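Notes for the structure review
Listed here are the chains, written in short residue letters.
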Amino acid sequence: MAVVKADGYGHGLLRVARALEDSDGFAVLNVSEAIQLRDAGFRQPILLLEGIFSAAELPLLTEYGLSAVVHCDDQLSMLRTVRLSGSVDIFLKLNTGMNRLGFSPHLAPALVAQLQDCRAVQSVTLMTHFASADEAQGVEGPMEVFRTATRDMVLPVSLANSAALLRHPETRVGWVRPGIMLYGATPFPDLSARKLGLKPAMTMSSAVIGLQEIEKGGAVGYGGTFVADRKMRIGVVACGYADGYPRHAPTGTPILVAGRLGRTVGRVSMDMLTVDLTEVPEAGIGAPVELWGPHIPVDEVARAAGTIGYELLCARAERVPVTEV
Ligand SMILES: *Cc1c(COP(=O)(O)O)cnc(C)c1O
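Throughout what follows, the structure given in this document is the object of discussion. (Residues numbered from 1 in each chain as written. Predicted model: local features only at pLDDT ≥ 70, side-chain atom pairs only at ≥ 80, totals over all residues. Heavy atoms only, no water.)

**Digging into the layout of surface pockets**
- If you add up the space inside the second largest pocket, you get close to 750 Å³.
- Every residue lining the second largest pocket is counted, 26 residues in all, and those nearest its centre are Ala201, Met202, Thr203, Val322 and Thr323.
- Sorting elements by how many residues they give to the lining of the second largest pocket places helix 2 (residues 13-19) first, with four residues. (1 Å grid on protein atoms, 1.4 Å probe; cavity = no way out; pocket = protein on both sides within 12 Å on 5 of 7 lines; lining within 4 Å. Points joined across faces, edges and corners; volume = space filled by probe spheres on them. Helix = DSSP H or I, 4+ residues; strand = E, 2+ residues; numbered from the N terminus.)

The structure is reproduced here in structure tokens:
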């Protein structure tokens, strides 16, 4: 199932769903995203990754044919007491070491029995989520815990996120849950999207809207954090943190201007950022800029800003106009 939460990792929920219309299922965060998919005509299973947030959502599960994670006693007791017009496919989430959501694995047999006893439950899938699938030995412990706890059960399973899929073949079973890899960014700090053969789905682009010639000693931007050590030509790019560009991207963050690899200088402001065009004399007003995309991996911009590609993709602001190509 394709993970399309967070507005399809910033790419647009329905845009992504249409691009991936042949996927066997979709995974989202909440009922509202799931209903948007159903209203747009998608018929495949749709999983709520954190299940329901209140009992009021229960009737929507049957009305819209949604599958739901059950990760805690509260959700379980809601299911056990509710009267629904139909029944729901449940993903029972087991905590195999991430200690975020999920039941203690040794409870699995009892929980499965309780779920199978519920009139509101159609089927049970055993699920877990890995904390460190990006690491070489990251799933060994959790897989052992999961296998032991579910040893005698003949039920469907769902284990793998992108990192597990790419690095741990033993997790490629049942309902796999790729997210970031579908968008062409890497789940790994030490392995680039390009090396993985992934192509970015999103290009964040803009243009140069201003130019400044500054002398040695001239400062650029808020706080004057960048000071020219020679005569420089500075370009102003129409993209800032209100567009989703990370404010913490420091001087030196890679950027493509007029097809040439360059670097940002000074602080990123709300609607603009500044670049060094000293060596790119041909770049004038209107010169095209790639903030991230096929030439500038989003993961590299993210790394410079002390974050991960996921965050930058998800942070694409509503005001940024989108063109599908
Ligand atoms: C977000 C999410 C995924 C997808 O993770 P990626 O690292 O983007 O592949 C898979 N499973 C769960 C439970 C998630 O919350």
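So much for the structure itself; the text now carries on.
**Here we look at the site of the ligand**
- Taken together, 13 residues sit near the ligand, with Lys5, Tyr9, Ser162, Ile180 and Tyr310 positioned nearest.
- A distance of 2.5 Å is found between an oxygen atom of the ligand and a side-chain nitrogen or oxygen belonging to Tyr9.
- A distance of 2.5 Å separates an oxygen atom of the ligand from a polar atom in the side chain of Ser162.
- Burial of the ligand by the protein chains amounts to 91% of its free accessible area of 390 Å².
- For the shell around the ligand, a count of residues per class yields seven nonpolar, four polar and two charged. (Near = heavy atom within 4 Å. Polar contact = N/O pair within 3.5 Å; in protein donor to acceptor, adjacent residues only side chain to side chain. Areas by Shrake-Rupley, 256 points an atom, 1.4 Å probe, with all protein chains shown as cover. Nonpolar A, V, L, I, M, F, W, Y, C, P; charged D, E, K, R; others polar.)

**Some remarks on the pairing of strand 11 (residues 232-237)**
- Of all six residues that make up strand 11, six are buried, and the element is covered over most of its length.
- Where burial is concerned, the two faces of strand 11 agree: the one with Met232, Ile234 and Val236 and the one with Arg233, Gly235 and Val237 are both buried.
- Judged from the four bridges that link them, strand 11 and strand 14 (residues 273-276) form a sheet pairing that is antiparallel. Looking at the pairing, Val236 lines up with Thr274 of strand 14. (Buried < 20%, exposed > 50% of the residue type's maximum accessible area, 1.4 Å probe, protein only. Pairing = 2+ DSSP bridges.)

**Considerations on helix 5 (residues 73-81)**
- Within helix 5, the full set of buried residues consists of Gln75, Leu76, Met78 and Leu79. For helix 5, the buried positions fall inside an angular range of 160° around the axis, keeping them on one side. Pointing more than 90 degrees away from the buried face of helix 5 are the exposed residues Asp73, Asp74 and Thr81.
- The elements touched by buried residues of helix 5 are helix 4 (58-64), strand 4 (67-70), strand 5 (88-93), helix 6 (108-116) and strand 6 (121-127). (Arc of directions from axis to C-beta. Contact = heavy atoms within 4.5 Å.)

**Focus: the sheet that holds strand 4**
- Ordered in space as 1-2-3-4-5-6-7, the seven strands form an open sheet in which the pairing is parallel. Taken across any chain shown, the strands that pair with only one partner, and hence form the sheet edges, are strand 1 (2-3) and strand 7 (157-158).
- With two bridges joining them, strand 6 and strand 7 adopt parallel strand pairing. Bridge pairing in strand 7 places Leu126 opposite Val157.
- Against the sheet, helix 3 (residues 31-39) engages strand 2 (26-28) and strand 3 (46-48), with an angle of about 170° to strand 3. (Axes fitted to C-alpha atoms, helices over the stretch in contact; angles between N-to-C directions.)

**Let's talk about the pattern of salt bridges**
- Tallied over the full model, the rule gives twelve salt bridges.
- The salt bridge involving Arg316 is made with Asp7; its shortest N-O contact spans 3.9 Å. Of this pair, Arg316 sits in the segment after helix 10 (309-314) while Asp7 is found in helix 1 (residues 5-9), placing the two residues 309 residues apart along the sequence.
- Classification of Asp7 by relative accessible area gives partly exposed; the value is 34%.
- The partner of Glu282 in a salt bridge is Arg260, and the shortest N-O contact between them spans 2.9 Å. Taken together, the positions of Glu282 in the loop between strand 14 and strand 15 (288-292) and Arg260 in strand 13 (residues 260-265) put the pair 22 residues apart, joining distant regions of the chain.
- Owing to a relative accessible area of 49%, Glu282 belongs among the partly exposed residues under this scheme.
- By relative accessible area, Arg260 is classed as partly exposed at 34%.
- A cluster of three or more residues bridged by salt bridges with shared partners is formed by Asp229, Arg230, Arg263, Asp276 and Glu279. (Salt bridge = Lys/Arg side-chain N within 4 Å of Asp/Glu carboxyl O.)

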